[in-house]
Amino acid sequence: MMLIGCDYHPSWQQICWLDTATGETGEKKLEHASGEAERFYRQLPAPALIGMESTGNCQWFVEMATTLGHDVWIGDAAKIRASEVRQQKHDRRDAALILKLLTEGRFPRIWTPSGEEKDLRQLLIHRYKLVRIRAQAKTELQHLAMNQGVTKKRKLWSKAGEKVLRELPLKPWASRRREDLFKVRGMLDEQIAPLDQAVAEAAEKNEKTRLLMTQPGVGPITSIAFVFTIGDVSRFRRGKQVASYLGLIPREYSSGGKQRLGSISKQGNWFLRMMLVEAAQGAVRYDPEFRNEYLHRCHRKAKGVAKVAAARKLAVRLYWMLRTNTGYPEVVRVESSSRVPLVVRQGG
């Protein structure tokens, strides 16, 4: 088999290879735009094992190499960098380091979603971006209304509120701005509606997402994001690892017997972390257990801290729902601990 360490960049890549049959090694720089990289991998006898750091803008390369019959392993960039003690860093050395980790069986491979799962994640991201633009347009309209002494807040988007906004006497360019913002909002409403429908249909087709939606506060968007970001839940031994994976645990700078905790690490998927915080606020309204813990924590901590704590608890609960295939409210009876095996209570 051919082992290849690949230091990937958007326009080119530096590779270092080893032929395990002959012991032959070599290195080369491959350009992407000229097709040099594709020609190189096409002439290799499959299957070759390609290792590379996790990075963006590489989907075309992964799909191309996979189509040619090669195996592509994506590694944790931080762990790869930490495995090199020398302070010299350049592309050739990075490629050689990846090859060394592959050869020694120490490559820190991470889970990656399938092509279909990546495409569904693109659906969620695309919808989110459009919703943000629509929210910005509504904020600008709210600003126009407040400049004219109209402070209706959320009521501005009722039929009566919009009528008042449309009838405000504005100067020519302010009036033009109001008309354009209404057009932008209407156009975005038309674009977002079919995306909402597509998300709802995708959630209904998946057994795991239907299970997660039994939890109050969790809808199609959060359930799809959780399932296709976490992937195979069996790779996590307990719920705390899921919270750490999503960056919902505090940073820690402890030494000399003194514990120092900071803000959450925010290491992990930012989109799912944001969705969990929003979903947790819905769970606080509709789930008595979440509400009681949230209100109790608000007495001692800031509301922002309480919201993040609720999101962390929600992430752990969704994990156990998938791990035990148990819906709400039965999942509340599931107890877990890092020291004892999983226990599922039967009959209360």
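Right above here is the structure, for reference.
Computed from a predicted structure; not experimentally measured. (Residues numbered from 1 in each chain as written. Predicted model: local features only at pLDDT ≥ 70, side-chain atom pairs only at ≥ 80, totals over all residues. Heavy atoms only, no water.)

1. Examining the overall build of the chain
Assigned secondary structure in the chain consists of 13 helices and nine strands. Its C-alpha atoms give the chain a radius of gyration of 26 Å, clearly above 20 Å, the size a compact globule of 348 residues would have. Reported as C-alpha extents along the three principal axes, the dimensions of the chain are approximately 80 × 60 × 45 Å. Looking at the 348 residues of the chain, the share that counts as buried comes to 39%. For the chain, restricting intrachain contacts to residue pairs at least 6 apart in sequence, the fraction spanning at least 24 positions comes to 51%. Taken as a whole, the chain presents about 20,500 Å² of accessible surface, with 51% of it coming from carbon and sulfur. Computed over 59 positive and 37 negative side-chain charges, the separation of the two mean positions in the chain equals 10 Å. (Helix = DSSP H or I, 4+ residues; strand = E, 2+ residues; numbered from the N terminus. Rg over C-alpha atoms; globule rule 2.2 N^0.38 Å. Buried < 20%, exposed > 50% of the residue type's maximum accessible area, 1.4 Å probe, protein only. Contact = heavy atoms within 4.5 Å. Areas by Shrake-Rupley, 256 points an atom, 1.4 Å probe, with all protein chains shown as cover. Lys, Arg positive; Asp, Glu negative; His and termini not counted. Charge placed at Lys NZ, Arg CZ, Asp CG, Glu CD.)

2. Here we look at the pairing of strand E4 (residues 49-53)
Counted residue by residue, E4 has four buried out of five residues, so it is predominantly covered. Across four bridges, strand E1 (residues 2-8) lies against E4 in parallel orientation. Among the inter-strand pairings, Ile4 is bridged to a residue of E4, identified as Ile50. As paired elements, E4 and strand E5 (residues 71-75) share five bridges and run parallel to each other. (Pairing = 2+ DSSP bridges.)

3. What about the state of the cysteines?
With the rule as written, the count across this model stands at zero disulfides. You can see Cys16 has no disulfide; the closest cysteine sulfur is in Cys6, sitting 11 Å from it. Since its relative accessible area comes to 12%, Cys16 is described here as buried. (Disulfide = S-S within 2.5 Å.)

4. A short note on the packing of helix H11 (residues 270-286) against helix H12 (residues 288-298)
Running from amino to carboxyl end, H11 crosses H12 at an angle of 105°, the nearest separation of the two axes being 6 Å. Relative to H12, H11 is oriented roughly perpendicular. Between H11 and H12, the contacting residues are Ala283, Val284, Arg285 and Tyr286 on the first element and Pro288, Phe290, Arg291 and Tyr294 on the second. Classifying every residue of the contact of H11 with H12 gives six nonpolar, no polar and two charged. (Axes fitted to C-alpha atoms, helices over the stretch in contact; angles between N-to-C directions. Parallel < 35°, antiparallel > 145°, perpendicular 65-115°, else oblique. Nonpolar A, V, L, I, M, F, W, Y, C, P; charged D, E, K, R; others polar.)

5. Some remarks on the pattern of salt bridges
On inspection of all chains with the given rule, the structure shows 14 salt bridges. Between Glu38 and Arg42 there is a salt bridge whose closest N-O contact spans 2.7 Å. You can see Glu38 and its partner Arg42 sitting in helix H1 (residues 36-42), four residues apart, about one turn around the helix. Using a relative accessible area of 52% as the deciding quantity, one classes Arg42 as exposed. (Salt bridge = Lys/Arg side-chain N within 4 Å of Asp/Glu carboxyl O.)

6. Describing the pairing of strand E3 (residues 25-31)
The pairing of strand E2 (residues 12-19) with E3 spans seven bridges and is antiparallel. Across the sheet, Trp12 pairs through a bridge with Glu31, a residue of E3. In textbook terms, the turn of a hairpin is the stretch between consecutive antiparallel strands, and for E2 and E3 this stretch comprises five residues, one of which, Gly23, has a positive phi near 80°.

7. Digging into unusual backbone geometry
Of note, the amide linkage connecting Tyr328 to Pro329 takes the cis form, showing an omega dihedral of 5°. Of note, Pro329 is situated in the loop between helix H13 (303-324) and strand E8 (334-335). The backbone of Lys153 shows a phi angle near 55°, a positive value even though the residue is not glycine. The residue Lys153 is located in the loop between helix H5 (115-147) and helix H6 (159-166) in this model. The class for Lys153 is exposed, based on a relative accessible area of 64%. Of note, the phi angle at Lys266 is positive, near 55°, even though the residue is not glycine.

8. Quick word on the environment of Lys155
Within the secondary structure, Lys155 sits in the loop between H5 and H6. Given the relative accessible area of 63%, Lys155 is considered exposed. For the pair Lys155 and Arg39, spaced 116 residues apart in sequence, the C-alpha to C-alpha distance is 61 Å.

9. Focus on the packing of aromatic side chains
Inspection of the entire model under this criterion finds 11 aromatic pairs. Measuring from centroid to centroid gives 5.3 Å for Phe40 and Tyr41, while their planes differ by 85°, and the two rings are edge-to-face. Across the pair, exposure class does not vary: Phe40 and Tyr41 are buried alike. Centre to centre, the rings of Trp60 and Phe61 are 6.0 Å apart; their planes meet at 70°, and the pair counts as edge-to-face. Ring pairs connect the aromatic residues Tyr8, Trp17, Phe40, Tyr41, Trp60 and Phe61, which therefore count as one cluster. For the cation-ring pair, Lys29 lies above Trp12, with the distance from its terminal atom to the ring centre recorded as 4.4 Å. We note Lys313 situated over the ring of Phe290; from NZ or CZ to the ring centre the distance is 5.5 Å. (Phe/Tyr/Trp six-rings, centres within 6.5 Å; stacked < 30°, edge-to-face > 60°. Lys NZ or Arg CZ within 6 Å of the ring centre and 35° of its normal.)

10. A short note on the environment of Arg323
Among the structural elements, Arg323 can be located in helix H13. The class for Arg323 is partly exposed, based on a relative accessible area of 35%. Separated by 84 residues in sequence, Arg323 and Gly239 have C-alpha atoms that sit 9.8 Å apart. Beyond its immediate chain neighbours, meaning those up to four positions away, Arg323 contacts Val233, Phe236 and Arg237.

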